[in-house]
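Coordinate inspection notes
The residues making up each chain are set out below.
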Amino acid sequence: KPTIYAPMRPSLTGVRVRQGEYVEADLEPLMHRLMSDVMGAFNTYCAGKRTLIFCVNRSHAWQVRTALEQAGHMPLYIDGETPRPERDDILAQWRQSPPRPLVNIGVFAEGYDGPAIEAIMLANPMKSLARYLQCAGRGCRTNKDAGKTGYLLVDCSGSVFDHGSPAAHRAWSLEFGL
């Protein structure tokens, strides 16, 4: 189960929804306004932890990466256009180096098993419950060899207020309307 910190709930007034997710262009100005909150939350909760950070888009990710670099956190960065060999090298470096942040744009939203992840930081509001659970759940893999029994979920996006804890019991059904 995660330990959840949600230091803020940004107003998403005026942010449109398209195909079940927030419109990226509407989120970008919001994310730039919240940079100090994102960095404050990182410094308070995630510094010194192997942290996976989810950002809105490339521009936002570079802004987060630059702020982390300036604060001395030595972040790594991967996006959907990072070539596979380079991605593999970055992931190997991330796993083998002392804990540091890995900034990404949805690359690790699903299908990545990272038992060494100590913290997940959501800097990207998620309207979709499925996407939220996928991203927030990246840290839930236990690592008994390293003594890991939980992880931090630092939500600067307000998604936890809409969707609850990723560990919450949910009743799922294949029946329409249930």
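Placed above this text is the structure.
The text that follows walks through the structure, step by step, so that each part is easy to find. The numbering scheme is per chain: residues are counted from 1 as the chain's sequence reads. Where totals are concerned, whole chains, interfaces and linings use all residues; where local detail is concerned, this predicted model gives features only for residues with pLDDT of at least 70, and gives and counts side-chain atom pairs only at 80 or more. Calculated side-chain values reflect all of the structure's heavy atoms, with hydrogen atoms and water omitted.

1. What to know about the overall build of the protein chain
Numbering of helices and strands runs from the N terminus; a helix is a DSSP stretch of H or I covering at least four residues, while a strand is a stretch of E covering at least two. Secondary structure summary: the protein chain contains six helices and eight strands in total. Along its sequence from the N terminus, the protein chain presents helices and strands in the succession β-β-β-α-α-β-α-β-α-β-β-α-β-α. Since a compact globule built from 178 residues should have a radius of gyration of about 16 Å, the 16 Å found for the protein chain is in line with a globular shape. Taking the principal axes of the C-alpha coordinates as reference, the protein chain spans close to 45 × 40 × 35 Å. Working definition: with a 1.4 Å probe on protein chains only, accessible area under 20% of the residue-type maximum means buried, over 50% means exposed, and in between means partly exposed. Expressed as a percentage of the 178 residues in the protein chain, the buried residues total 48%. The contact rule is simple, with two residues in contact once any of their heavy atoms fall within 4.5 Å. The contacts of the protein chain with a sequence gap of at least 6 include a subset with a gap of at least 24, amounting to 75%. Total accessible area on the protein chain stands at roughly 9,200 Å², and carbon and sulfur atoms take up 50% of it. Under the convention used here, Asp and Glu are negative, Lys and Arg are positive, and both His and the chain ends fall outside the count. To locate a charge, take NZ of a lysine, CZ of an arginine, CG of an aspartate or CD of a glutamate. Positive and negative side-chain charges of the protein chain, numbering 20 and 18 respectively, have mean locations separated by a distance of 4 Å. Values of the radius of gyration come from C-alpha atoms, whereas the globule rule sets the reference at 2.2 Å times the count of residues to the power 0.38. All accessible-area figures derive from a Shrake-Rupley calculation using a 1.4 Å probe, and residue coverage is judged against the displayed protein chains alone.

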